[in-house]
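Report on the structure
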Amino acid sequence: LEIPDFISLWTKAFIKRYAKDKYLVAVNLRSNPFFGQERNAAFNVWREFFAYCLEKHPEVIFVILGRKNEIAEELRLPNVIFLQDFEVNIQHTLSFIKHSFFYMATSSGPASFALLSKDMPYSIVNFSAPDISYTYNWFKPGIFLPWQNKEFQKLIWKQETPELLIKEFEDLLSKVDKEKWREELNLDDVHESILDWPYLTNKNYK
């Protein structure tokens, strides 16, 4: 999949305005009450994790992706932005996965965008095999995908805990090239005006 240039520019302008000099980590938390509930995020665990990062890593800010009806208000902490507060679509979601410092998520549809890449740093927890109507004898816990970068792309086949999220976060924070990320964003050449009309509808974030 290719992200349209305009959507990429919008995403970079958003990062420039709201993340400023911080490292932006994209987060996708699945919460579907009707299908595959075992893959849903444990919001209390993620809140504890965000609270840890707020205290220990003020240089990091998180943007929560996904549908508006899948997000819990309890996750609204000073280091968390809800992308759902803005008029966005699935293209924006994928763009944030691509352009964030790294990506953390529970197993869901958008996570496949990172999963199928060779260079997007990610940690996907509570992962499970695809549709059980197919036979994936080779696809089981501990397996690495042929294209997977073992250094900073991880599939974790178990439920998230605060300790697990902190461990994975700290590992990615130490491995992902910070200077390379900033250079590729090239925010000096990005104009924030792209956010102001008519695309940005929420003015509460400062």
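Quick look at the structure, then. (Residues numbered from 1 in each chain as written. Predicted model: local features only at pLDDT ≥ 70, side-chain atom pairs only at ≥ 80, totals over all residues. Heavy atoms only, no water.)

1. Quick look at the nonpolar core
Residues Trp 46, Phe 50 and Phe 62 are the most contacted members of the largest nonpolar core, which totals 70 residues. Sort the elements by how many residues they give to this core and helix H1 (residues 5-19) lands first, with seven residues. For Trp 46, the contacting residues outside a window of four places in its chain are Val 27, Leu 29, Ala 41, Leu 75, Met 104, Ala 105, Thr 106, Val 125, Glu 160 and Leu 165. (Core = buried A, V, L, I, M, F, W, Y, C linked by side-chain atoms within 4.5 Å. Buried < 20%, exposed > 50% of the residue type's maximum accessible area, 1.4 Å probe, protein only. Helix = DSSP H or I, 4+ residues; strand = E, 2+ residues; numbered from the N terminus. Contact = heavy atoms within 4.5 Å.)

2. Notes on the packing of aromatic side chains
Under the criterion given, the structure shown has 18 aromatic pairs. Between the aromatic rings of Phe 49 and Phe 62, the centroid separation amounts to 5.6 Å while the plane-to-plane angle is 65 degrees, which identifies the pairing as edge-to-face. Of this pair, Phe 49 sits in helix H2 (residues 43-56) while Phe 62 sits in strand E2 (residues 60-65), and the two are 13 residues apart along the sequence. Accessibility classification places Phe 49 together with Phe 62 in one group, the buried group. Note on Phe 62 and Phe 169: the rings are 6.0 Å apart at their centroids and 45 degrees apart in plane angle, and the pair reads as tilted. Here Phe 62 is found in strand E2, whereas its partner Phe 169 is found in helix H5 (residues 162-175), with 107 residues between them in sequence. Each member of the pair, Phe 62 as well as Phe 169, carries the same accessibility label: buried. Here the aromatic cluster, defined as three or more aromatic residues joined through ring pairs, consists of Tyr 23, Trp 46, Phe 49, Phe 50, Phe 62, Phe 101, Phe 102, Phe 169 and Trp 181. Geometry around Phe 82 places Arg 76 over its ring, the cationic atom sitting 4.2 Å from the centre. One residue, Lys 178, lies across the ring of Tyr 23, its end atom 5.8 Å from the ring centre. (Phe/Tyr/Trp six-rings, centres within 6.5 Å; stacked < 30°, edge-to-face > 60°. Lys NZ or Arg CZ within 6 Å of the ring centre and 35° of its normal.)

3. Points about the pattern of salt bridges
Tallied over the entire structure, the rule returns seven salt bridges. Among the ionic pairs, Glu 192 bridges to Arg 17, the shortest N-O distance being 3.0 Å. Placement of Glu 192 in the segment after helix H6 (178-185) and of Arg 17 in helix H1 is noted, with a sequence separation of 175 residues between them. Arg 17 gets classed as buried once you look at its relative accessible area, which sits at 17%. Arg 17 is the salt-bridge partner of Asp 196, the closest N and O atoms lying 2.9 Å from each other. Here Arg 17 lies in helix H1 and Asp 196 lies in the segment after H6, a separation of 179 residues in the sequence. By sharing partners, the salt bridges in this structure join Arg 17, Glu 192 and Asp 196 into a single network. (Salt bridge = Lys/Arg side-chain N within 4 Å of Asp/Glu carboxyl O.)

4. Here we look at H6
Two or three places before Glu 179, at the opening of H6, Asp 177 has a side-chain oxygen 3.1 Å from that residue's backbone nitrogen. The first or second residue beyond H6 is Asn 186, which carries a positive phi of 50 degrees. (Polar contact = N/O pair within 3.5 Å; in protein donor to acceptor, adjacent residues only side chain to side chain.)

5. With respect to unusual backbone geometry
The phi dihedral of Lys 20 falls on the positive side, at around 55 degrees, and the residue is not glycine. In this structure, Asn 186 takes a positive phi of about 50 degrees despite not being glycine. Mapped onto the elements of the fold, Asn 186 is located in the segment after H6. On the basis of relative accessible area, Asn 186 is assigned to the partly exposed category, the value being 37%.

Just geometry here; none of it tells us what the structure is for.
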